[in-house]
Amino acid sequence: MKSSSKAKQNNSDQALGRRRFLTGVSMAGGGAALGAMTGCDGGDNSAKNGKSGNAPKAHANKAEVAPGKLDDYYGFWSGGQSGEIRIVGIPSMRELKRIPVFNRDAATGWGATDFSKQLLKGTQSGDTHHVHLSYDKGTYDGRYVFVNDKSQARLARVNIKTMETDKIIDIPNAQGTHGIFPQRHKTGLVFCNSEFRTPLPNDGRDLDDPKKYAALHTAIDGETMEVKWQVMVEGNLDLCATDYKGLYSFATCYNSEGAVTLEGMMASDQDYCYVFNLANIEKAVKGGKSITLGDSPVPVIDARGENSEFVTRVPVPKSPHGVNIDPTGKYAICSGKLSPTCTVIAIDKLAEVFSGKIKPRDSVVAEPEVGLGPLHTAFDGKGNAYTSIFLDSVMTKWNIADALKQFKGEDVNPILQKIDVHYQVGHTNASMSETKDADGKWLVALCKFSKDRFLNVGCLHPENDQLFDISGEKMKLVHDGPTFPEPHDAVIVKSDLIHPTSIQPRTDDRFKMYADWAKEDGVNLMKDNKVIAKGPGKVRVYMTSMAPKFGMNEFQVKSGDEVQVIITNQDNVEDLSHGFCVPQHDVNFLVNAQDTQSYTFVAGKPGLYWYYCPWFCHALHLEMRGRMMVS
Ligand code: CUK
Ligand code: CUA
């Protein structure tokens, strides 16, 4: 089925592209068709010589980063069901770090340390889909990473200085928080779409009355992480985007049918891209035209029903998925999912839509056919778009200006190249693609299936993140990268915009908490080693660590005591981390250079327990331990 649908698609591309194809301009549609006919699925579908290129080999060197050399880009990857964020070096595709966010991470103790438990409020899982960085003037400002949790409707923020999660907030009234996007003109609002419609407030009313279900577009202040307002609409909100000027936010909307079954959700051939008018929404919120829902104090604008000054619905074909803004800020491009098209909306026409001068659909200026199952679109800053095509398992490169001309009736084929991916690509992104500085160097295709591309490792295979060199005329596959489930999205950021520290600055919010405890107990965190009784059955143990010794060789507690250990790493040396592990108590956490971490547990059966440092820190690391005596 895959190959026949592919051949069909390629044929139509060929028909569209015949003129240019015949003039000898290398046409990707034709190339891919030739490839399919000759059974070729090589990296380079060149139509010029009709044979598969040796591109992967020839271009591997460019993506290779020699031992000891650094990558040019940071890739920020969502970790999907793992609930984390990953940092990947580009172009090497080396995984550099995992940042625990919504998950319980055994290596660092995230999810079990006191601070992370406060953020997580008892949850231990998450489903991260979209990572985006904070912006200033259309490009990354190197301060924050935002990531959503679809499963519990949360937004988290990572502080880039320390690459640690510093805030996690619940999005009220929402379920299935999916697409997120920060404003791009400054660190302003971060918008979050709720994909699932529910009764609102969701308190048991209207359970079986889907007509009354609604979804929310939520605005969160990226600096304070406070929820500012929500807009209630009738359709499922999927992916999210923002313009470059701070005027609008966008949401693709499928299931405008309002159905609750798969069949019902696919019934209509038309859905929408919702455009939210931020100035009008904020004016109404300030003017008290909002309501509240349930226990949440957050102002909600009810914008269900007709187009209004708050939201306009641009009709697009069946069940759109991704919406991406091109680097010039002129176009919002919706990828069709169940339609083989991308719909290009001219952002500068939206003012006329809101003033009623033109109809919403009149803002559409192109709708090229890109392949079966378009999901997401990336950009190279040279006027080209790269759309991931799920069903066809290809990446389609197309030219935006040519698509505009074609829409006006000119005989041009905007499709420049299709290249096979392995297999079933979801998100795609290119270097700096989500900024005004898109630089057209690298493209990743996050493929949902790897099938035969790697050694079989059992029922659950890795996903396959493929890297393409897009600096030339053609996309060239240069790397296959297996990933643990399931990075949905990634952004690729120039390394000179990201400046993490190596020594914990001790200025993050959580240090206020430690400082309060120390003050209360008359303790100097940086040098004191003390056991403080905190009332019946409760003790605090303040301890320092400096390679290869803990500041305390032993401490005594009683069986059943609630013990809070507060460990401060005195080492002021890059990459010199210690940890604290207590056998038979499930205590194990990391303390980086100049950091403090705390962990609370209940002392077990009477006996002797050697606490030790689990991070290799010194030739005498194995000796870095002490005795916890439980009487
Ligand atoms: S969604 Cu996963 S492929 Cu959650 Cu961004 Cu499109
Ligand atoms: Cu400290 Cu090992």
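Residues numbered from 1 in each chain as written. Chains lettered and ligands numbered in written order. Predicted model: local features only at pLDDT ≥ 70, side-chain atom pairs only at ≥ 80, totals over all residues. Heavy atoms only, no water.

Spatially, the five strands line up as an open sheet ordered 8-9-10-11-15, and their pairing is mixed. Every other strand in the sheet has two partners, leaving strand 8 (175-182) and strand 15 (300-302) as the edge strands with one partner each. Looking at each pair of strands side by side, their axes are set apart by 20° on average, direction ignored. The pairing of strand 11 (residues 227-233) with strand 15 spans three bridges and is classified as parallel. Along strand 15, the bridge assignment pairs M232 with D302. The strands touched by helix 6 (residues 278-286) within the sheet are strand 9 (189-196), strand 11 and strand 15, with strand 11 carrying the most contacts at an inclination of about 110°. (Pairing = 2+ DSSP bridges. Helix = DSSP H or I, 4+ residues; strand = E, 2+ residues; numbered from the N terminus. Axes fitted to C-alpha atoms, helices over the stretch in contact; angles between N-to-C directions. Contact = heavy atoms within 4.5 Å.)

This next bit is on the site of ligand 1. If you check the shell around ligand 1, you find H129, H130, H178, L239, H321, H376, G426, H427, K448 and H488 and nothing else. Listed by contribution, the elements that provide at least two residues to the shell around ligand 1 are strand 4 (128-136) and strand 25 (425-430). Among the residues making up the shell around ligand 1, the classes are represented as one nonpolar, eight polar and one charged. (Near = heavy atom within 4 Å. Nonpolar A, V, L, I, M, F, W, Y, C, P; charged D, E, K, R; others polar.)

What follows covers empty space enclosed by the protein. Evaluation of the coordinates by the stated rule reveals two cavities of 30 Å³ or more. In this structure, the largest cavity occupies an estimated 100 Å³ of space. Lining the largest cavity are 14 residues, and of these H132, N324, H427, E434 and D489 lie nearest its centre. Counting only elements with at least two residues in the lining of the largest cavity, the list comes to strand 4, strand 8, strand 12 (236-242), strand 17 (323-325) and strand 25. Considering only residue class, the lining of the largest cavity consists of five nonpolar, seven polar and two charged. (1 Å grid on protein atoms, 1.4 Å probe; cavity = no way out; pocket = protein on both sides within 12 Å on 5 of 7 lines; lining within 4 Å. Points joined across faces, edges and corners; volume = space filled by probe spheres on them.)

This next bit is on helix 8 (residues 400-407). Residues spaced three or four apart along an α-helix face the same direction, because each turn holds 3.6 residues. Turning to helix 8, its buried residues are I400, D402, A403, L404 and Q406. Immediately downstream of helix 8, the backbone of G409 shows phi near 105°, a positive value. (Buried < 20%, exposed > 50% of the residue type's maximum accessible area, 1.4 Å probe, protein only.)

Read from one edge to the other, the open sheet built from four strands follows the order 25-26-27-28, with strand pairing classed as antiparallel. Strands with a single pairing partner mark the edges of an open sheet, and in this sheet they are strand 25 and strand 28 (476-483). The average angle at which neighbouring strand axes cross in this sheet is 20°, direction not considered. With seven bridges joining them, strand 27 (residues 463-469) and strand 28 adopt antiparallel strand pairing. Counted as the bridge partner of D469 is K476 from strand 28.

As a further point, take the confidence of the model for the protein. Here the protein averages 91 in pLDDT, while 90% of its residues score no lower than 70. With pLDDT under 50 throughout, residues 1-58 is counted as low confidence; its partners more than four residues away or in other chains account for 82 contacts. (pLDDT = per-residue confidence, 0-100.)

On to the pattern of salt bridges, then. As enumerated under the stated definition, the model contains 36 salt bridges in all. Among the ionic pairs, D402 bridges to K405, the shortest N-O distance being 3.8 Å. Taken together, the residues span about one helical turn, with D402 and K405 both in helix 8 at a distance of three residues. Since its relative accessible area comes to 12%, D402 is described here as buried. Overall, K405 belongs to the partly exposed group, its relative accessible area being 35%. One network of salt bridges, with partners in common, ties together E84, R86, E95 and R98. (Salt bridge = Lys/Arg side-chain N within 4 Å of Asp/Glu carboxyl O.)

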